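Spelled out, the chains give:
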Amino acid sequence: MMESFAKLKRRGTDLLNSIPHNLPSMPQMPQMPHLPNLQRGHATGNPAMKGTWQHISIPPLPRSSHSLDVVAGNAYIFGGEIESRKPVDNDMHVIALPSSGAGADYYAIKARPSSKQQLAETHPAPISEEDETAAELKDPLTEVDLSSPPPPAAASAAQEPSSASSDKGKGKSLDEVPCARVGHATAVIGSRIFLFGGRNTASSSEPLDEGGRVWIFETKTHTWAYADPYRSPNSSNSSPVPPPRSYFSAVATDKPRDFAIKPLRRASSWKEWAEGDSAEVGIPQRPVAGAVAENAADEEDAGFGTFIIHGGCTADGGRTSDVWAFDVRSRTWKMLPSAPGPARGGAALALAKSRLYRFGGYDGEMELGGQLDVLDLALDEFDDRVSRGEIGIFARGEWQTLLAPVTSAPPPNSAETAKLVPAEEWPGNRSVSSMELVLGGGGREYLVLMLGERSPSSEGHAGAGRFWGDVWAFQVPPLGMTAASVTDAFLQAVGRKTGEGKWTRVITGPFDEDERADAEGPSPRGWIASAPLGDLEENAVLVFGGLSESNQRLGDGWIFRLE
């Protein structure tokens, strides 16, 4: 009876909270930034931050070293392991996240290839003399479909069954869908999930070598496609590819997206100019049914955005600190400046506005931390007065490093020397953790860093080390005019400190005090997967699975909300 009353109470609370969202919005005057109260909170420059944990009730799905992405209110989980170095499957596991009082739901999708025709790569035709005036507007890569045949190595593997094929018994279909794997990385562009790298059973000692291929899961059709790097007939013009890797990090941006429109073909006569395309689409009084729909194109088919990877473990047993960006439309990889410090795997990576942030990682001997590395990205554009468009992203300079501030503490006695101690609280060194971007009030953005490994196991990957169970928030410096930037500018003008560019420990509590699981919160863990909830809840992050200190793979899901 008490359990039913608790459920009724939660359902009533959710319904009351949803009323403002369901009512028609009234026109409002532009919101002006309010002046901060100088008597509290901001006086210390380090106001307390709070957050809540909510447990997701779904069947257990234990795994670690997997990936997690959230698209349109659904969480997509791929890969991972229950036993060390043994991938579980290549199904896509989907969790419909709780919303508007409805609970979570779960189902699995078997891997199957997309029905789109895999077109052969062709070298773009040269620009004709007639279009010479519009030569700079033509982008030959816009006519290259994302789909492409497997690379020569994969084609030969299709003729000779691989060990991975014999393990699953699916034969050639494994060339059209990604095999089961661990230690890969994913990111979302639009409604699609992009995947790269990792290890499988046959290559448990080294990463998969797929020739730079990026796998693409279509959340609209629940099918897999892939994008192989562009290969020119002139090998010197082909796209370079990143070395195979595992246990690395990935993020993505939807830029470039606004491409130049291809110039129209010139009419050869006045009659042709007057008739235009009426032969294909008809005239307003007598349109040709279905003509517009037949020629319509989905912008995701042509591709847009950039997929970025960093670090990881390489085939030679070492680690790397390189950064690579894959332009989806042109299907080309390019290197960005390598990150500073030791080469590492398991670093936390996040993209906020036009800045790439990195924290922590593992260099083969110890967990790293004590600094936050930042790389400014910019968007390359062109404008020839006829049209304008976006070309691609590039790095604006080298990486910059924010170090934990320290101060000299007086020695306890005359026999000892002064020591450097932290001037403010910072997160501890960690790897295989979570760092995601969430939105707060007034246009503020925060990097939320949580959980992760604090010290490695003496047994390597076969064992479990010690893990963190804490949560931290880093206030991202604002770009442009927002209520948050105006407030911070006022505080600085009157000599007050702001939380901008600083880490703050988050005090966590239960989302629902009547739920025992919420009150307990997630146990310390690492090797987790996480993703922001995005438009569903801009202040929330989903964390799933991981490895516990008892060396058990966890199968629970949690939603963290920053208040």
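For clarity, every value in this text was computed on a predicted model and none was experimentally measured. The numbering scheme is per chain: residues are counted from 1 as the chain's sequence reads. Reporting in this predicted model follows two pLDDT cut-offs: at least 70 for local features of residues, and 80 or more for side-chain atom pairs to be given and counted; totals over whole chains, interfaces and linings ignore these cut-offs and use all residues. By convention in this description, side-chain values take in all heavy atoms of the structure and omit both hydrogens and water.

Caption draft 1: Region of the structure containing the overall build of the chain. Each helix is a run of H or I in the DSSP string that is no shorter than four residues. Each strand is a run of E no shorter than two, and both are numbered from the N terminus. In terms of regular secondary structure, the chain is built from nine helices and 34 strands. To sort residues, take the accessible area from a 1.4 Å probe on protein chains only and compare it with the maximum for the residue type: under 20% means buried, over 50% means exposed, and anything in between is partly exposed. Evaluated residue by residue, the chain yields a buried proportion of 45% over its 563 residues. Whether two residues are in contact is decided by their heavy atoms: any pair within 4.5 Å suffices. Sequence separation of at least 24 residues holds for 63% of the intrachain contacts in the chain that already meet a minimum separation of 6. With the model as given, the accessible surface of the chain reaches about 29,100 Å², and the carbon-plus-sulfur share is 53%. For accessible areas, the Shrake-Rupley method is used with a probe of radius 1.4 Å. Any residue's cover is judged against the shown protein chains and nothing else.

Caption draft 2: Structural view of the pattern of salt bridges. Salt-bridge detection follows one rule: a side-chain nitrogen of Lys or Arg within 4 Å of a carboxyl oxygen of Asp or Glu. For the structure on display, the rule yields 18 salt bridges. Salt-bridge contacts for aspartate 376 lead to arginine 355; the nearest nitrogen and oxygen are separated by 3.4 Å. Of this pair, aspartate 376 sits in strand β21 (residues 367-383) while arginine 355 sits in strand β20 (residues 355-362), placing them 21 residues apart in sequence. Under the relative-accessibility criterion, arginine 355 is labelled buried at 17%. Sharing partners across several salt bridges, the network here consists of Lys255, Asp258 and Glu390.

Caption draft 3: Spatial organisation of the packing of aromatic side chains. Centre distance within 6.5 Å is the pairing criterion for rings of Phe, Tyr and Trp, where only the six-membered ring of Trp is used; planes under 30 degrees apart are then read as stacked, over 60 as edge-to-face, and the remainder as tilted. Tallying each qualifying case throughout the model produces 15 aromatic pairs. When the centroid spacing of 6.4 Å and the interplanar angle of 65° are considered together, the rings of tryptophan 426 and tryptophan 503 count as edge-to-face. Of the two residues, tryptophan 426 sits in the loop between β25 (419-422) and β26 (434-439) while tryptophan 503 sits in strand β31 (residues 503-510), which places them 77 residues apart along the sequence. Each member of the pair tryptophan 426 and tryptophan 503 is classed as buried. Through pairs of rings, three or more aromatic residues link up here, namely Tyr357, Phe359, Trp426, Phe474 and Trp503. Ring-over charges, as used throughout, are those where CZ of Arg or NZ of Lys falls within 6 Å of the ring centre and within 35 degrees of the ring normal. Taking NZ or CZ as reference, arginine 213 lies 3.7 Å from the ring centre of tyrosine 226, over its face.

Caption draft 4: Unusual backbone geometry, seen in detail. Between lysine 255 and the following residue, proline 256, the backbone shows a cis peptide bond with an omega angle of 0°. Among the secondary structure elements, proline 256 is positioned in the loop between β13 (249-253) and α4 (270-275). At serine 100, a position not held by glycine, the phi torsion is positive, near 50°. Mapped onto the fold, serine 100 is located in the loop between β6 (92-96) and β7 (105-109). On the basis of relative accessible area, serine 100 is assigned to the exposed category, the value being 62%.

Caption draft 5: The arrangement of the sheet that holds strand β9 (residues 192-196) in detail. Here a strand pair is declared whenever DSSP counts at least two bridges between the two strands. Across the sheet, which stays open at both edges, the four strands sit in the order β8-β9-β10-β11 with antiparallel pairing between neighbours. Unpaired on one side and paired on the other, β8 (185-189) and β11 (223-227) mark the two borders of the sheet. On average, adjacent strands in this sheet sit at an angle of 30° to one another, irrespective of strand direction. Sheet analysis places strand β10 (residues 214-218) next to β11, joined by five bridges and oriented antiparallel. Axis definition: a line fit to C-alpha positions, over the contact stretch in the case of helices; interaxial angles, taken between N-to-C directions, run 0 to 180 degrees.

Caption draft 6: Spatial organisation of the nonpolar core. What makes a nonpolar core is a set of buried Ala, Val, Leu, Ile, Met, Phe, Trp, Tyr and Cys residues whose side-chain atoms join them at distances within 4.5 Å. Grouped together as the largest cluster of nonpolar side chains are 18 residues, with contacts concentrated most on Phe194, Phe196, Val214, Phe307, Ile309, Phe326 and Trp333. Where this core is concerned, the elements lending two or more residues are β8, β9, β10, β16 (306-314) and β17 (319-327). Contacts of isoleucine 309, omitting those with residues within four sequence positions, involve Phe196, Pro242, Arg245, Phe248, Ser249, Ala250, Asp322, Val323, Trp324 and Trp333.

Caption draft 7: Representation of the confidence of the model for the chain within the structure. The predictor's confidence in any single residue is recorded as pLDDT, a number from 0 to 100. Of the residues in the chain, 71% reach a pLDDT of 70 or more, and the chain-wide mean stands at 80. Across residues 28-45, where pLDDT falls below 50, the model places 25 contacts with residues more than four positions away in sequence or in other chains. Across residues 117-174, confidence stays below pLDDT 50; counting only partners more than four residues off in sequence or on other chains, it has 90 contacts.

Caption draft 8: Summary view of the side chain of serine 64. As for its position among the elements, serine 64 is in the loop between β1 (49-56) and β2 (67-71). Given a relative accessible area of 1%, serine 64 falls into the buried group.

Caption draft 9: Fine view of the environment of arginine 192. Relative to the assigned elements, arginine 192 resides in strand β9. Distance from arginine 192 to glutamate 218, taken between C-alpha atoms, is 5.1 Å for residues 26 residues apart in sequence. Under the rule applied, a polar contact is a pair of N or O atoms within 3.5 Å (in protein, one hydrogen donor and one hydrogen acceptor; residues adjacent in sequence only if both atoms are side-chain atoms). In this structure the side chain of arginine 192 is engaged in a polar contact, spanning 3.0 Å, whose partner is the backbone oxygen of glutamate 300.

Caption draft 10: The sheet that holds strand β33 (residues 540-547), seen in detail. Spatially, the eight strands line up as an open sheet ordered β26-β27-β30-β31-β1-β34-β33-β32, and their pairing is mixed. The sheet is open, and its two borders are formed by β26 and β32 (529-532), each paired with just one other strand. Mean inter-strand twist for the sheet, computed between neighbouring axes without regard to direction, equals 30°. Where strand β30 (residues 471-476) and β31 come together, three bridges link them in antiparallel fashion. Counted as the bridge partner of tryptophan 472 is arginine 505 from β31.

Caption draft 11: Seen up close, the environment of alanine 347. Looking at the secondary structure, you find alanine 347 in the loop between β18 (332-336) and β19 (348-352). Along the backbone, alanine 347 and phenylalanine 248 are 99 residues apart, and their C-alpha atoms lie at a distance of 6.9 Å. Those residues in contact with alanine 347 that lie beyond four places of it in its chain are Ser249, His310, Arg358, Phe359, Gly360 and Gly361.

Caption draft 12: Focus on the pairing of β21. The pairing of β20 with β21 spans seven bridges and is antiparallel. From the neighbouring strand, tyrosine 362 faces β21, where its bridge partner is glutamate 367. The hairpin turn running from β20 into β21, its antiparallel successor, is four residues long, and glycine 364 in that turn takes a positive phi close to 100°. Relative to strand β23 (residues 400-403), β21 is paired through four bridges, and the arrangement is antiparallel. Paired with leucine 372 across the strands is leucine 402, a residue of β23. Across seven bridges, the pairing between β21 and strand β22 (residues 388-395) is antiparallel. Across the sheet, aspartate 380 pairs through a bridge with glycine 392, a residue of β22.

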